[in-house]
Amino acid sequence: MFNSYKNITKGFGARLKEERERLGFSQNALATAIGVKRLAQGSYEKELTSPNVRYLADAARQGVDLFYLLLGKHLNKRILSIEEEQNIEKRVFELIEEYVERSCDGHLSGDSRYILFDLMRKQAFESSDAVADLSVIDFSLYKS
Amino acid sequence: MSNKDKKNNDESRQVFKCIDLISNASGSSPESYLENLEEYISKDSSSKSEQAKIDRLDKAIKFISILPGWFAKRLDAKTEDYIRVLNKAGINDRYDIRVMLRLRLLNSIGLDRVAFDKTNSVSAGFTLALCLFFMVLGMSLIKFSTLNASGNFEMLFYWVLTVTIAYIIRNLWDVSYGQIKLNQILSGM
């Protein structure tokens, strides 16, 4: 059963498969690159079992988009100045520290912190009424 | 499951819980999103401290459950009296109130110095009385026996004395251990 975490949006397995195919990996190749057995990779894609944080961190190193994988959406990043981005990242960093102190007794590995930082930062960047969603722009209009 | 696996699983659980907070928080701007997320994080940590309190209460219940039956009965009767008073005052008979009261009663009647271990629990006074009884019995047997003090009876006396001393030492250790344990539980509340 895929019930270790109810947090991840539905369709995790399908998105994992989609990301693997986008990166041009076979099940066996991605499993080897991450350091798990092919059967484990298959069971994650079928949502029979759930991967742990180490798997996710290694998958991100192989190019898997964790934001899409875990939250089920592509980043529609708002256009921000460098200073605004830095302020957001600083605040995100502080929030992670706060979470670790309050909920994890001050202990969380670097990989886990990085995953949370990446997701929080992207989600904050996306939070806006006026996001720059490039996918909705009809570029054919500019071809002529 | 090895300790390392358990640690990894615990960490994964924490991370996925945080991912849940990240996906649930919302805002119309990055700043408002982060403010909302901060609220979620503080709510989550307060629920964690509630859980820690429940865990401590569970420990307290386990501690109480290993006390001798007669003591638990007496404590229960006293607790019920207190709960009745609290109910009259409009305070509900809640699980944590019950445990708190039991622990306070433990302290108030001085029985927080009860010796205990996993299998047995005997009050320090009772242990001492038992040991003294054996000592007196051993000495009496030798003094008033028509048999020669030397030989088997002397051996028996030394044997009883050795066991008694060992028993006292073990119970003294239990008393101090019990005291430390109870203090830990109480200080966590």
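Because the structure is a prediction, the values reported are computed rather than measured. (Residues numbered from 1 in each chain as written. Chains lettered and ligands numbered in written order. Predicted model: local features only at pLDDT ≥ 70, side-chain atom pairs only at ≥ 80, totals over all residues. Heavy atoms only, no water.)

## Quick notes on the pattern of salt bridges
Moving on, step 1. Within the structure shown, the criterion is met by 15 salt bridges over all chains.
Moving on, step 2. The residue Glu94(A) makes a salt bridge to Arg91(A) at a minimum N-O spacing of 3.2 Å. Of this pair, Glu94(A) and Arg91(A) both sit in helix α6 (residues 82-103), 3 residues apart, which is roughly one turn of that helix.
Moving on, step 3. Residue Arg91(A) is classed as partly exposed on the basis of its relative accessible area of 25%.
Moving on, step 4. For Asp44(B), the salt bridge identified is with Lys17(B), shortest N-O distance 3.6 Å. Of the two residues, Asp44(B) sits in helix α2 (residues 30-65) while Lys17(B) sits in helix α1 (residues 3-24), which places them 27 residues apart along the sequence.
Moving on, step 5. Among the ionic contacts, a cluster of salt bridges with common partners joins Glu89(A), Asp118(A), Arg121(A) and Lys122(A). (Salt bridge = Lys/Arg side-chain N within 4 Å of Asp/Glu carboxyl O. Helix = DSSP H or I, 4+ residues; strand = E, 2+ residues; numbered from the N terminus. Buried < 20%, exposed > 50% of the residue type's maximum accessible area, 1.4 Å probe, protein only.)

## Remarks on α6(A)
Residues and elements named next belong to chain A.
Moving on, step 1. An ideal rise of 1.5 Å per residue puts 32 Å on 22 residues; α6 measures up with 31 Å between its terminal C-alpha atoms.
Moving on, step 2. Buried residues of α6: Ile 88, Val 92, Leu 95, Ile 96, Glu 98, Tyr 99, Val 100 and Ser 103, and no others.
Moving on, step 3. Of the residues one or two after α6, Asp 105 is the one with positive phi, at around 55 degrees. (Expected span 1.5 Å × (residues − 1).)

## Quick word on the interface of chain A and chain B
Moving on, step 1. Listed by partner, the interface residues are 32 residues for chain A and 28 residues for chain B.
Moving on, step 2. A combined buried area of about 2800 Å² lies between chain A and chain B, and 65% of that area is made up of carbon and sulfur atoms.
Moving on, step 3. Put simply, chain A and chain B have 1 salt bridge between them.
Moving on, step 4. Scanning the region where chain A abuts chain B turns up 5 residue pairs in polar contact (both at pLDDT 80 or more).
Moving on, step 5. Listing elements by their share of the side of chain A that touches chain B, those giving two or more residues are α4 (53-61), α5 (66-71), α6 and α7 (110-126) of chain A.
Moving on, step 6. When its residues are assigned to classes, the side of chain A that touches chain B shows 17 nonpolar, 8 polar and 7 charged. (Contact = heavy atoms within 4.5 Å. Buried area = accessible area lost by both parts, 1.4 Å probe. Polar contact = N/O pair within 3.5 Å; in protein donor to acceptor, adjacent residues only side chain to side chain. Nonpolar A, V, L, I, M, F, W, Y, C, P; charged D, E, K, R; others polar.)

## Focus on the packing of helix α2 (residues 27-34) of chain A against helix α3 (residues 38-45) of chain A
The description of two helices packed together rests on the angle between their axes and the distance between the axes.
All names here are of chain A.
Moving on, step 1. The contact between α2 and α3 brings their axes to 8 Å, and the two run at 110 degrees. Classified by the interaxial angle, the pair formed by α2 and α3 is roughly perpendicular. Judged by the sense of rotation from one axis to the other, the crossing of α2 with α3 is right-handed. Side by side, α2 and α3 meet where Gln 27, Asn 28, Leu 30 and Ala 31 of the first sit next to Arg 38, Gln 41, Gly 42 and Glu 45 of the second.
Moving on, step 2. When its residues are assigned to classes, the contact of α2 with α3 shows 2 nonpolar, 4 polar and 2 charged. (Axes fitted to C-alpha atoms, helices over the stretch in contact; angles between N-to-C directions. Parallel < 35°, antiparallel > 145°, perpendicular 65-115°, else oblique. Left-handed = near helix turned anticlockwise from the far one by under 90°.)

## Quick notes on the environment of Ala124(A)
Moving on, step 1. Structurally, Ala124(A) is set in helix α7.
Moving on, step 2. For Ala124(A), a relative accessible area of 0% gives the class buried.
Moving on, step 3. Taking the C-alpha atoms as reference points, Ala124(A) and Glu85(A), 39 residues apart in sequence, are found 9.7 Å from one another.
Moving on, step 4. Among all residues touching Ala124(A), those that are not within four sequence positions of it are Ile88(A), Pro30(B), Tyr33(B) and Leu34(B).

## Considerations on the environment of Arg20(A)
Residue and element names in this part refer to chain A.
Moving on, step 1. Here Arg 20 lies in helix α1 (residues 12-22).
Moving on, step 2. Look at Arg 20 and you get buried, because its relative accessible area is 8%.
Moving on, step 3. Apart from residues no more than four positions distant in its own chain, Arg 20 is found in contact with Phe 25, Ser 26, Gln 27, Leu 30, Gln 41 and Glu 45.

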